[in-house]
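Listed below are the residues making up each chain.
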Amino acid sequence: CTKKAKMAKDNTNGLAMCRVLLAELEAHQDAWPFLTPVNHKAVPGYRKVIKKPMDFSTIREKLANNQYLNLETFIIDVNLVFDNCEKFNEDDSEIGRAGHNMRRFFDERWTELLM
Ligand SMILES: Cc1ncccc1N[C@@H](C)c1ccc2c(c1)OCCCO2
């Protein structure tokens, strides 16, 4: 088993974990604000404030197009969803709370799967 073969196996395992984690994020009851791209026509100011929009359906598309090298690049996009949420929404708002709940859920799940 060469180093390269081990790396390839790790990436395969990592990508399998991305699929499991994404399915769980999409199924979460607090996922509703994050399932599709924010329509900037329906949300004034969003396009100006949020430089790198991201949502679960875009992550699903990127995963299907093999655009994630490994688990790490996937985690970066998921965290972008939650960082955008914190930037735009008050902590004490429906969407803000959903974002905090989803981030906590995600952090707990990927650390469980990895440890
Ligand atoms: C994650 C996020 N951050 C900031 C604003 C919106 C969103 N999510 C989008 C999908 C959304 C959620 C609720 C909405 C909405 C759009 O349409 C405008 C009317 C109110 O209802």
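For the structure, check the block above.
Residues numbered from 1 in each chain as written. Predicted model: local features only at pLDDT ≥ 70, side-chain atom pairs only at ≥ 80, totals over all residues. Heavy atoms only, no water.

Peer 1: Could you clarify how one ought to interpret the site of the ligand in this entry?
Peer 2: As a structural note, the neighbourhood of the ligand is formed by Trp32, Pro33, Phe34, Val38, Ala42, Val43, Tyr46, Phe88, Asn89 and Ile95. At a separation of 3.1 Å, a nitrogen atom of the ligand approaches a polar backbone atom of Pro33. The contact in question runs from a nitrogen atom of the ligand to an N or O atom on the side chain of Asn89, over 3.2 Å. For the ligand, the protein covers 66% of the area, taking 470 Å² as the surface of the free molecule. The class makeup of the residues in the shell around the ligand is nine nonpolar, one polar and no charged. (Near = heavy atom within 4 Å. Polar contact = N/O pair within 3.5 Å; in protein donor to acceptor, adjacent residues only side chain to side chain. Areas by Shrake-Rupley, 256 points an atom, 1.4 Å probe, with all protein chains shown as cover. Nonpolar A, V, L, I, M, F, W, Y, C, P; charged D, E, K, R; others polar.)

Peer 1: Teacher, can you tell me more about the packing of aromatic side chains here?
Peer 2: One pair of aromatic rings is described through two measures. These are the centre distance and the angle between the planes. In total, this model carries seven aromatic pairs according to the counting rule given. Between the aromatic rings of Phe34 and Phe56, the centroid separation amounts to 6.1 Å while the plane-to-plane angle is 50°, which identifies the pairing as tilted. On the criterion of sequence distance, the pair formed by Phe34 in the loop between α1 (3-27) and α2 (46-49) and Phe56 in helix α3 (residues 56-64) is long-range, its members being 22 residues apart. Using a relative accessible area of 0% as the deciding quantity, one classes Phe56 as buried. Between Tyr68 and Phe74 the ring centres are 5.7 Å apart and the planes differ by 90°, which places this aromatic pair in the edge-to-face class. Across this residue pair, the class does not change: Tyr68 and Phe74 are buried. An aromatic cluster is present here, built from Phe34, Phe56, Tyr68, Phe74, Phe82 and Phe106 joined pairwise through their rings. (Phe/Tyr/Trp six-rings, centres within 6.5 Å; stacked < 30°, edge-to-face > 60°. Helix = DSSP H or I, 4+ residues; strand = E, 2+ residues; numbered from the N terminus. Buried < 20%, exposed > 50% of the residue type's maximum accessible area, 1.4 Å probe, protein only.)

Peer 1: Got a minute to help me understand the environment of Asp92 in this structure?
Peer 2: You can see Asp92 is positioned in the loop between α4 (71-88) and α5 (94-114). Measuring from C-alpha to C-alpha, the distance between Asp92 and Ile50 comes to 19 Å, with 42 residues separating the pair along the chain. Looking at Asp92, its side chain comes within polar contact range of the side chain of Arg97, at 2.6 Å.

Peer 1: What is the right way to look at α1 in this model?
Peer 2: For an α-helix, the turn length of 3.6 residues means that residues three or four places apart are oriented alike. Over its 25 residues, α1 extends 36 Å from the first C-alpha to the last, a length consistent with the 36 Å expected when each residue adds 1.5 Å. Within the span of α1, buried status applies to Gly14, Leu15, Met17, Cys18, Leu21, Leu22 and Leu25. (Expected span 1.5 Å × (residues − 1).)

Peer 1: Which parts of the structure should I look at to understand the side chain of Asn84?
Peer 2: By the element assignment, Asn84 lies in helix α4. Exposure remark for Asn84: the relative accessible area of 8% places this residue in the buried category. There is a polar contact of 2.8 Å between the side chain of Asn84 and the backbone oxygen of Lys52. When sequence neighbours within four positions are dropped, the list of residues in contact with Asn84 reads Tyr46, Ile50, Lys52, Pro53 and Met54. (Contact = heavy atoms within 4.5 Å.)

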